[in-house]
Amino acid sequence: MSASGSVASGVPHLDVDPFAMGFFADPYPTHERLREAGPVVYLDQWNVYGVARYAEVHAVLNDPATFCSSRGVGLSDFKKETPWRPPSLILEADPPAHTRTRAVLSKVLSPTVMKQVRDRFAAAAEERVDVLLEQRSFDAVADLAEAYPLSIFPDALGLKPEGREHLIPYASVVFNAFGPPNELRQEAIARSAPHQAYVAKQCQRENLAPGGFGACIHAQVDEGAITATEAPLLVRSLLSAGLDTTVNGIGAALYCLARFPEQWQRLRADITLARNAFEEAVRFESPVQTFFRTTTREVELSGARIGEGEKVLMFLAAANRDPRRWERPDSYDITRRTSGHVGFGSGIHMCVGQLVARLEGEVMLTALARRVASIEITGEPKRRFNNTLRGLDSLPVTIIPA
Amino acid sequence: MPTISFVHPDSNSEHVEVSDGESAMQAATRHGLDGILAECGGNAMCATCHVYVDDAWVARLPAMAEDEDALLEGAAAERLPNSRLSCQIKITPELDGLVLRLPKRQV
Ligand code: HEM
Ligand code: FES
């Protein structure tokens, strides 16, 4: 076995591959195995530590000085390997550098800004439901989970109309690239050149419409908060993380509400639950399944000694269903108190776009619940495979108008 | 163990015992209190744990950080001079008896 010499004694070794197709098809039994094996495990397949219980995932997320992001939040260690693209200035950065760029994106995506875009996002959701009510039978992934964010987010960013078909494929590359060098990652990177070229160009100031999130980032250059070379890379973060994530988040919510009709009826009876129905879907399905950290020093975590420079894989999805933290973790319950779930992470890197995601989810589910009596799954849902994202490729449904 | 109260918009009060090191938000959510959403789980990123601090207590709380100040601008209910984010109020023994008023809405 090739495990490094620093593997702690007492840490259980598991032979599971959490990036294999068989795992993606049904990750839940393996999640349970990972949680029950111990607070910290070692995965021989990729020579990494793993944490799958809520307490340890939360602890690692909230100790960025020990568990850093600047050596990459995928398997690849930026200290040993050249990153496949220039690193992100926010996701793959540590304080103090992170603090500065984070402040910029927090301002651009603040609650105040959400109030300004709310009406527009809500109107687009109503328009989408108009179309779907005409169609009656459709693919809830392509025609809803993708079509809705695509109808608002690129415009909110200020992107040109041409070339938007690159957005979802680009995000798919980004999220596959966090994984190990398996077929998913290698193939994604191999076909990434045209998507990268598109994205690099759209991040430039002259290609972003005034008033959009992208232009607001560039305006921070004039304030002296960031440099002109940093701004395009911060726009890139929104292009990478702002679309496919919400596609899978909204897709997760629909898949839940279609599978659990009693929850759909509860939502229809009290539409103010729409926002929490979305949030609970993010907990239940965890569209972003995993992220890595790298240790900056030797550290003891729940009794396990981990050496310096080790990769630690955080199973956000497993933490979100840890029975130590959640009652009836495997039930989708739209009235659950969801506060504290780690579907958006936790600590200094917690999703900076969480307010955008919640707004999209809330207005979409509100529009649907007001006008649709029932959602029926009419064909076998097909899964989409990605090293980091969990979601469907297609979900055939028929809706009955209210 | 300090006890703090949350006053609902209908003037009903709920008293909540706070464990060592908890924030007002954590105590509220642990007790299942309605009126505090705390969507970001206490990371000062969502403004859905907004409270109005009772006048008698305002000056006794530590000053707020810049990020809290900025977030409060976007709170769903009106921002008042005594507005705070309850996840940023760490409860110490000196704050025993603290009174926090809940806004009409958090989103
Ligand atoms: C349901 C939808 C979404 C989910 C599940 C999600 C999930 C996450 C998670 C788990 C992290 C933490 C990464 C870490 O700790 O290393 C994160 C960070 C981030 N997200 Fe999201 N996200 C979503 C939507 C969005 C949107 C809509 C945007 C942009 C508008 C966005 C932009 C970002 C950025 C830039 C970061 C890096 C923040 C930092 O490192 O400080 N995300 N997201
Ligand atoms: S819980 Fe989100 S700001 Fe307080």
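Structure: above.
Residues numbered from 1 in each chain as written. Chains lettered and ligands numbered in written order. Predicted model: local features only at pLDDT ≥ 70, side-chain atom pairs only at ≥ 80, totals over all residues. Heavy atoms only, no water.

A. Fine view of the overall build of chain B. Looking only at helices and strands, one finds two helices and five strands in chain B. The C-alpha atoms of chain B give a radius of gyration of 12 Å, which matches the 13 Å a tight globule of 107 residues would have. Principal axes of the C-alpha set define a box for chain B whose edges measure 35 × 30 × 25 Å. In chain B, the share of contacts with a sequence separation of at least 24, taken over all contacts with a separation of at least 6, comes to 62%. Surface accessibility of chain B: about 5,200 Å² in total, with carbon and sulfur atoms responsible for 47%. If the 8 positive side-chain charges of chain B are averaged to one point and the 17 negative ones to another, these points end up 2 Å apart. (Helix = DSSP H or I, 4+ residues; strand = E, 2+ residues; numbered from the N terminus. Rg over C-alpha atoms; globule rule 2.2 N^0.38 Å. Contact = heavy atoms within 4.5 Å. Areas by Shrake-Rupley, 256 points an atom, 1.4 Å probe, with all protein chains shown as cover. Lys, Arg positive; Asp, Glu negative; His and termini not counted. Charge placed at Lys NZ, Arg CZ, Asp CG, Glu CD.)

B. Looking closely at the coordination of the iron atom of ligand 1. Coordination of the iron atom of ligand 1 by the protein involves just one donor, Cys-351 of chain A (SG), at a distance of 2.3 Å. With respect to the helices and strands, Cys-351 of chain A occurs in the loop between helix H15 (316–319) and helix H16 (354–371). (Donors = N, O, S within 2.8 Å, 3.2 Å for Na, K, Ca; no water.)

C. How the structure looks around the environment of Ser-19 of chain B. Residues and elements named next belong to chain B. Along the chain, Ser-19 turns up in the loop between strand S2 (13–17) and helix H1 (24–30). Once the C-alpha coordinates of Ser-19 and Thr-92 are considered, the two residues, 73 residues apart in sequence, prove to be 9.6 Å apart. Those residues in contact with Ser-19 that sit more than four places away from it in its chain are Met-1 and Arg-30. A distance of 3.1 Å separates the side chain of Ser-19 from the side chain of Arg-30, its partner in a polar contact. (Polar contact = N/O pair within 3.5 Å; in protein donor to acceptor, adjacent residues only side chain to side chain.)

D. Just empty space enclosed by the protein, in detail. Residue and element names in this part refer to chain A. If you walk through the whole model with that rule in mind, you get seven cavities of 30 Å³ or more. Empty space within the largest cavity amounts to approximately 760 Å³. In terms of lining, the largest cavity is formed by 41 residues, of which the most central are Leu-91, Ala-241, Thr-245, Cys-351 and Val-352. Counting residues per element, the ones that place at least two in the lining of the largest cavity are helix H4 (97–108), helix H7 (167–177), helix H11 (230–241), helix H12 (244–259), helix H14 (274–285), strand S6 (290–295) and H16. A per-element tally of the lining of the largest cavity places H11 first, with four residues. (1 Å grid on protein atoms, 1.4 Å probe; cavity = no way out; pocket = protein on both sides within 12 Å on 5 of 7 lines; lining within 4 Å. Points joined across faces, edges and corners; volume = space filled by probe spheres on them.)

E. Representation of the packing of aromatic side chains in the model. Using the criterion set out here, one finds 11 aromatic pairs over all chains in the structure. Both rings, one in Phe-175 of chain A and one in Phe-178 of chain A, keep their centres 5.8 Å apart while their planes meet at 70 degrees; by these two values the pair is edge-to-face. The two residues Phe-175 of chain A and Phe-178 of chain A agree in class, both being buried. Taken together, a centroid distance of 6.0 Å and an interplanar angle of 90 degrees make the contact between Phe-260 of chain A and Phe-284 of chain A edge-to-face. One end of the pair, Phe-260 of chain A, is in the loop between H12 and helix H13 (261–269); the other, Phe-284 of chain A, is in helix H14, and 24 residues separate them in sequence. Taking relative accessible area as the criterion, Phe-260 of chain A reaches 23% and is therefore assigned partly exposed. Judged by relative accessible area, Phe-284 of chain A falls into the buried class, the value being 5%. Sitting above the plane of the Tyr-255 of chain A ring, Arg-259 of chain A keeps its charged end 3.6 Å from the centroid. Taking the ring centre of Trp-57 of chain B as reference, the NZ or CZ of Arg-60 of chain B above it sits at 4.0 Å. (Phe/Tyr/Trp six-rings, centres within 6.5 Å; stacked < 30°, edge-to-face > 60°. Buried < 20%, exposed > 50% of the residue type's maximum accessible area, 1.4 Å probe, protein only. Lys NZ or Arg CZ within 6 Å of the ring centre and 35° of its normal.)

F. Quick peek at the packing of H12 of chain A against H13 of chain A. Residues and elements named next belong to chain A. With their axes 5 Å apart at the nearest point, H12 and H13 run at an angle of 105 degrees to one another. Taken together, the axes of H12 and H13 lie roughly perpendicular to each other. Contacts between H12 and H13 involve Leu-257, Ala-258 and Arg-259 on the former and, on the latter, Pro-261, Gln-263, Trp-264 and Leu-267. Of the residues that constitute the contact of H12 with H13, the class distribution is five nonpolar, one polar and one charged. (Axes fitted to C-alpha atoms, helices over the stretch in contact; angles between N-to-C directions. Parallel < 35°, antiparallel > 145°, perpendicular 65-115°, else oblique. Nonpolar A, V, L, I, M, F, W, Y, C, P; charged D, E, K, R; others polar.)

G. Main features of the nonpolar core. Judged by nonpolar contacts, the single largest core of 110 residues is most densely connected at Met-114, Phe-121, Tyr-148, Phe-213, Ile-217 and Leu-368 of chain A. If one sorts the elements of this core by residue count, H16 of chain A sits on top with 10 residues. Apart from residues no more than four positions distant in its own chain, Ile-217 of chain A is found in contact with Leu-105, Val-108, Ile-226, Ala-231, Leu-234, Val-235 and Leu-238 of chain A. One finds Ala-47, Leu-72, Cys-87 and Leu-100 of chain B within the second-largest nonpolar core, a separate group that totals 30 residues. (Core = buried A, V, L, I, M, F, W, Y, C linked by side-chain atoms within 4.5 Å.)

H. Looking closely at the interface of chain A and chain B. Taken residue by residue, the interface counts 17 residues in chain A and 20 residues in chain B. Summed over both partners, the interface of chain A with chain B buries about 1,300 Å², with 48% contributed by carbon and sulfur atoms. The tally of links from chain A across to chain B stands at two salt bridges. A salt bridge links Glu-39 of chain B to Arg-358 of chain A, with the nearest nitrogen and oxygen atoms 3.8 Å apart. Taken together, chain A and chain B are joined by nine residue pairs in polar contact (both at pLDDT 80 or more). Sorting the residues of the side of chain A that touches chain B by element identifies helix H5 (111–135), H14 and H16 of chain A as the ones contributing at least two each. Considered class by class, the residues forming the side of chain A that touches chain B number four nonpolar, seven polar and six charged. (Buried area = accessible area lost by both parts, 1.4 Å probe. Salt bridge = Lys/Arg side-chain N within 4 Å of Asp/Glu carboxyl O.)

I. Geometry of the site of ligand 1. All names here are of chain A. In the neighbourhood of ligand 1, 25 residues make up the surrounding shell, with His-98, Arg-102, Arg-293, His-349 and Cys-351 lying closest. Note that an oxygen atom of ligand 1 is positioned 3.4 Å from one of the backbone N or O atoms of Ile-90. Side-chain polar atom of His-349 to an oxygen atom of ligand 1: 2.6 Å apart, as the coordinates give it. One can see that ligand 1 is located within the largest cavity. Listing elements by their share of the shell around ligand 1, those giving two or more residues are H4, H11, H12 and S6. For the shell around ligand 1, the element with the most residues is H11, which contributes three residues. Split into classes, the residues belonging to the shell around ligand 1 amount to 14 nonpolar, nine polar and two charged. (Near = heavy atom within 4 Å. Sits in = over half its atoms within 2 Å of the grid points.)

J. Up close: the sheet that holds strand S1 (residues 13–14) of chain A. All names here are of chain A. Here six strands make up an open sheet; going across it, the order is S1-S2-S3-S9-S6-S4 and the pairing mixed. The open sheet is flanked by S1 and strand S4 (67–68), the only strands paired with a single partner. Contacting strand S3 (48–51), S4, S6 and strand S9 (311–315), helix H3 (residues 54–61) crosses the sheet at an angle of about 125 degrees to S9. (Pairing = 2+ DSSP bridges.)

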